[in-house]
There are 2 protein chains.
Amino acid sequence: MDLNERKLKILQAIVSDFIKTSEPVGSRTLSKRPDIDLSPATIRNEMSDLEEMGYLTHPHTSAGRVPSDKAYRLYVDQLMKSADLPEENKQEIAQRLGANTAELDQTVEHAAKVLSDMTNLVSFAITPNRSESKINYINFLPVDSSTVVLMIVCEDGKVTNSAIKMSAPYTEENLTFMSKVMTHNFKGKAVSTLLTENIAATFESDMQSLSGLAGSVVPSFIKTLEKMLNVDLYMDGYSNIFRLPEYNDIAKAKNFLETVTNKDEFTNVLVNREQGLMITIGDENAEDLKDCALITADYKVNGKLVGRLGVIGPKRMKYGEVTSVIKYITDNLSKTFEIEAPREEEDSDE
Amino acid sequence: MDLNERKLKILQAIVSDFIKTSEPVGSRTLSKRPDIDLSPATIRNEMSDLEEMGYLTHPHTSAGRVPSDKAYRLYVDQLMKSADLPEENKQEIAQRLGANTAELDQTVEHAAKVLSDMTNLVSFAITPNRSESKINYINFLPVDSSTVVLMIVCEDGKVTNSAIKMSAPYTEENLTFMSKVMTHNFKGKAVSTLLTENIAATFESDMQSLSGLAGSVVPSFIKTLEKMLNVDLYMDGYSNIFRLPEYNDIAKAKNFLETVTNKDEFTNVLVNREQGLMITIGDENAEDLKDCALITADYKVNGKLVGRLGVIGPKRMKYGEVTSVIKYITDNLSKTFEIEAPREEEDSDE
DNA sequence: GTTAGCACTCCAACATGCTGAGTGCTAACA
DNA sequence: TGTTAGCACTCAGCATGTTGGAGTGCTAAC
């Protein structure tokens, strides 16, 4: 039995119908469609074949058919008409994103909001990973008699800082010296490289004169480097799920929200996805997300650093529309962060 | 008709029963309680009086009584036994909070998580407002030929920075000069004070020699100061609301989540509350939160800066327990940020 | 290969009746 | 005069039964 054109057409009709209505699709409903000129009985025969082939399922005897994960995958890969985003939507996105281009963080957070508004789904966005960013310089600044601030500046302008409680008294000269030596040693190296090197050794040879201080500094320096690698996750549109009939069941809504609000795990899922426009459906996802579809795409900062955003929702999702919104937003972001490249601003909070 | 002791006792029983079960409380149920030695009929009479006085309501003829906002208020103010937190809970909190004292931000976020776990409610925490923090110094750092990073350091060690796209070429000397002049002018002044001053005037007189640069710097400086005032909001336990029968209704759950995930508005509500341990119930809250109770308390950083955390949930809330958890956590935080005072660390992200 | 027809299945919606929990009122009691 | 027993009444919730519609699968005819 092979997937001939007629079967494909019927399958496509079922999937797109189900995406619209979330109701199992029956043979009579399909036969009424202008693009399908077959009697219900014929359609039933084809449906029966499609079910045997694993593309459809059957909630109960007298219900219509529901697409399987396999059907969604086929739909996304071959059957879906890739909707071009209407001009008005493009304008709305461009306008809303443009309103606030000052800071990467804020812009990314804002992009997530726009995305959830446009798709009526739960959206998310993560900031770029800095592991390959190169150190520009390192600075120690006095705060009070026992505290200094360590500041690491990357070539892309990203600044990370931590306060360090010094175990021994320090002088301004000490700080200047450490700043110079460390900048000299580490400038141009990638954060990830530094984290695999034995930094303590470098310190030992260079900073014998202030051994009392180096002890407090090394662990803080490593921690600050690690902080530089943190990726921020922004999410928006949680309450959109209540519009979807699949989450009328409180237990399901709860499960979904629990999975999705577990920031650490969810960030992990996002960071570890493949690059580019990625759609994963049902079983293709991790255990907790088996009932969901996930769409992500990447944006670039300065043409190099890569961040990511997307949506999560039921498998019954308007893949075409959503995909084009996501693509448009990521393109837009990449452009924003290119033109204003060095404008990327950094904040520091507690 | 006055609130004699018997009425109070009955009211108290009704409120605490309703808090436990979320079911309207009937006269027979009450008469079975060991501490109430009255027949159902007598209790009915008293209930009828209490209803007339506005302390109780009646979902329908043949249902038990439900406390009104007025009853909750009385309960919280007079009737509630303030539960002492069991030693084991104290230990759990102390342990979980202690595990991570490195950074204010992280600790505060973590405190919110602990709070929602302990109370099974939606919790939140905001970082301190820095408007009265004093500037320690100001630094301009080169990034690339047209970009510099502006960094403002407060006396409490908080660092805020932004990247500035320069409208004219600059030299390292320019930056050093600006750093010195601005630090000299602004050191020791509070952020809020600076924001009300005419900063541009200061620049004009001092920086004539680099007028081409000052134009890019003034607006960025003001924006960075404003950034220093941003308060971060952390929330946790969203999915806890699904355990509560009052949110079995999808529409209610949706409303609640929408209100609570509106970060800007909710932050505003929190920032503008009175200081100290505050409980607001039902009508005492803003329109959107009329069905909720809100409990907040403050923590101190260095004995000065004030942050805030708390929970939000249905009016039917275990006020005693929740209050003592919140108090214990805020006390604990204040202590953490006191002992480790200068250890407060700052991060910088995009 | 396609289709009409038919028997069959199952869900959803509605009606019905019953039970239990609760009330308010009245009259009797201490 | 305050308390209580008793009674009629109300209402939500549950179980049960009924019906109609939407759907299927199969068979036989075109």
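About the criteria used
- Residues numbered from 1 in each chain as written.
- Chains lettered and ligands numbered in written order.
- Predicted model: local features only at pLDDT ≥ 70, side-chain atom pairs only at ≥ 80, totals over all residues.
- Heavy atoms only, no water.
- Helix = DSSP H or I, 4+ residues; strand = E, 2+ residues; numbered from the N terminus.
- Expected span 1.5 Å × (residues − 1).
- Buried < 20%, exposed > 50% of the residue type's maximum accessible area, 1.4 Å probe, protein only.
- Contact = heavy atoms within 4.5 Å.
- Polar contact = N/O pair within 3.5 Å; in protein donor to acceptor, adjacent residues only side chain to side chain.
- Buried area = accessible area lost by both parts, 1.4 Å probe.
- Nonpolar A, V, L, I, M, F, W, Y, C, P; charged D, E, K, R; others polar.
- Near = heavy atom within 4 Å.
- Pairing = 2+ DSSP bridges.
- Axes fitted to C-alpha atoms, helices over the stretch in contact; angles between N-to-C directions.
- Salt bridge = Lys/Arg side-chain N within 4 Å of Asp/Glu carboxyl O.
- Least-squares fit on C-alpha atoms with pLDDT ≥ 70 in both.
- Core = buried A, V, L, I, M, F, W, Y, C linked by side-chain atoms within 4.5 Å.

With twelve residues, helix α11 (residues 250-261) of chain B should reach 16 Å at 1.5 Å per residue; the first-to-last C-alpha distance of 16 Å fits that figure. Among the residues of α11 of chain B, those classed as buried are Ile250, Ala253, Phe256, Leu257, Thr259 and Val260 of chain B. In this fold, the buried residues of α11 of chain B make contact with α11 (250-261) of chain A together with β3 (122-126), β7 (233-236), α12 (263-271), β9 (292-301) and β10 (305-314) of chain B. Where α11 of chain B begins, the capping side chain belongs to Asp249 of chain B, and its oxygen is found 3.1 Å from the backbone nitrogen of Ala251 of chain B.

A separate point is the interface of chain A and chain B. Tallying the contact residues gives 52 residues for chain A and 52 residues for chain B. A buried area of about 4800 Å², summed over both sides, lies between chain A and chain B, and 51% of it is on carbon and sulfur atoms. Put simply, chain A and chain B have two residue pairs in polar contact (both at pLDDT 80 or more) between them. Secondary structure elements with two or more residues in the side of chain A that touches chain B: α6 (104-119), β4 (135-144), β5 (147-154), β6 (159-165), α10 (211-229), α11 and β11 (347-349) of chain A. Looking at the side of chain A that touches chain B, the element that brings in the most residues is β4 of chain A, giving seven residues. Grouping the constituent residues of the side of chain A that touches chain B by class yields 18 nonpolar, 14 polar and 20 charged.

What follows deals with the protein's contact with DNA strand C. The environment of DNA strand C is made up of 20 residues, and the closest members are Arg6, Thr42, Thr61 and Ser62 of chain A together with Ser27 of chain B. For DNA strand C, the fraction of atoms within 4 Å of the protein that belong to sugar or phosphate moieties is 76%. Contact between DNA strand C and Arg44 of chain A: a base oxygen at 3.3 Å from a side-chain N or O atom of the residue. Separating a phosphate oxygen of DNA strand C from a side-chain N or O atom of Thr29 of chain B is a distance of 3.4 Å. Sorting the residues of the surface near DNA strand C by element identifies α3 (40-52) of chain A together with α2 (27-32) and α3 (40-52) of chain B as the ones contributing at least two each. The element that contributes the greatest number of residues to the surface near DNA strand C is α3 of chain A, accounting for four residues.

Attention now goes to the sheet that holds strand β8 (residues 278-281) of chain A. Residue and element names in this part refer to chain A. Across the sheet, which stays open at both edges, the five strands sit in the order β7-β3-β10-β9-β8 with antiparallel pairing between neighbours. Whereas interior strands pair on both sides, the edge strands pair on one side only; in this sheet they are β7 (233-236) and β8. For this sheet the average axis-to-axis angle between neighbouring strands, irrespective of direction, equals 15°. The sheet contact formed by strand β9 (residues 292-301) and strand β10 (residues 305-314) spans ten bridges and is antiparallel. Across the sheet, residue Tyr299 finds its bridge partner in β10, namely Gly307. Contacts from α6 reach β3 (122-126), β7, β9 and β10, with the element oriented near 160° to β3.

Residue and element names in this part refer to chain B. As for its placement among the helices and strands, Ala13 is situated in helix α1 (residues 5-21). Overall, the relative accessible area of 0% leaves Ala13 in the buried class. Separated by 53 residues in sequence, Ala13 and Val66 place their C-alpha atoms 11 Å apart. If sequence neighbours within four positions are ignored, Ala13 has contacts with Leu30, Arg33 and Ile36.

Turning to unusual backbone geometry, a few remarks are in order. In this model, Asn302 of chain A sits at a positive phi of 60°, which is unusual for a non-glycine residue. Considering the arrangement of structural elements, one finds Asn302 of chain A in the loop between β9 and β10.

Bringing the pattern of salt bridges into the picture now. Residue and element names in this part refer to chain A. Taken as a whole and assessed by the stated rule, the structure comprises 36 salt bridges over all chains. Of the charged contacts in the structure, one is a salt bridge between Asp236 and Lys113, with a shortest N-O distance of 3.4 Å. Here Asp236 is found in strand β7, whereas its partner Lys113 is found in helix α6, with 123 residues between them in sequence. Each of Arg6, Lys7, Glu46 and Asp49 takes part in one network of salt bridges that share partners.

Here we take up the protein's contact with DNA strand D. Around DNA strand D, the structure places 20 residues, and the nearest of them are Ser27 of chain A together with Arg6, Thr42, Thr61 and Ser62 of chain B. Backbone atoms, meaning sugar and phosphate, make up 77% of the atoms of DNA strand D lying within 4 Å of the protein. One of the side-chain nitrogen or oxygen atoms of Arg44 of chain A is found 3.1 Å away from a base nitrogen of DNA strand D. Thr61 of chain B has a polar side-chain atom sitting 3.2 Å from a sugar or linking oxygen of DNA strand D. Only α2 (27-31) and α3 of chain A together with α3 of chain B provide two or more residues apiece to the surface near DNA strand D. Among the elements that take part in the surface near DNA strand D, α3 of chain B stands out by supplying four residues, more than any other. By residue class, the composition of the surface near DNA strand D is three nonpolar, 13 polar and four charged.

This part covers the side chain of Thr259 of chain B. The topology assignment puts Thr259 of chain B in helix α11. Every residue in contact with Thr259 of chain B, bar those within four places of it in the chain, is listed here: Phe266, Asp288 and Leu289 of chain B.

Residue and element names in this part refer to chain A. If you walk across this open sheet you meet the three strands as β4-β5-β6, and the pairing is antiparallel. Every interior strand has two partners, whereas the edge strands, β4 and β6, have only one. The sheet shows a mean angle of 20° between the axes of neighbouring strands, direction not considered. One ladder, built from eight bridges, connects β4 with β5; its direction is antiparallel. Among the inter-strand pairings, Tyr137 is bridged to a residue of β5, identified as Val153. Along the sheet face, helix α7 (residues 172-186) touches β4 and β5 and points at about 165° away from the line of β4.

Next up on the list: the relation of the copies chain A and chain B. Superposing chain A onto chain B takes a rotation of 180° plus a shift of 0.0 Å along the axis, which leaves an RMSD of 0.1 Å. Within this description, the copies of the chain are treated as partners about a two-fold rotation axis. Comparing interface residues between copies, 100% of those in chain A also sit at the interface in chain B, which points to an isologous, same-surface contact.

The subject of this paragraph is the nonpolar core. Residues Tyr319 of chain A together with Tyr319 of chain B are the most contacted members of the largest nonpolar core, which totals 154 residues. The leading source of residues in this core is helix α1 (residues 5-21) of chain A, at eight residues. Setting aside residues no more than four positions away along its own chain, Tyr319 of chain A makes contact with Ile19, Tyr72, Tyr75, Val76, Met80, Ile279, Ile281, Ala293 and Ile295 of chain A.

This part is about the pairing of β9 of chain A. Residues and elements named next belong to chain A. Most of β9 is tucked away, with nine of its ten residues classed as buried. Two strands pair when backbone bridges link them, and β8 and β9 are joined in this way by four bridges, in the antiparallel orientation. Along β9, the bridge assignment pairs Thr280 with Leu294. Linking β9 back to β10 in an antiparallel pair, the connection comprises three residues, with Asn302 at a positive phi of about 60°.

In short, the description is geometric, and any link to function would need to be established separately.
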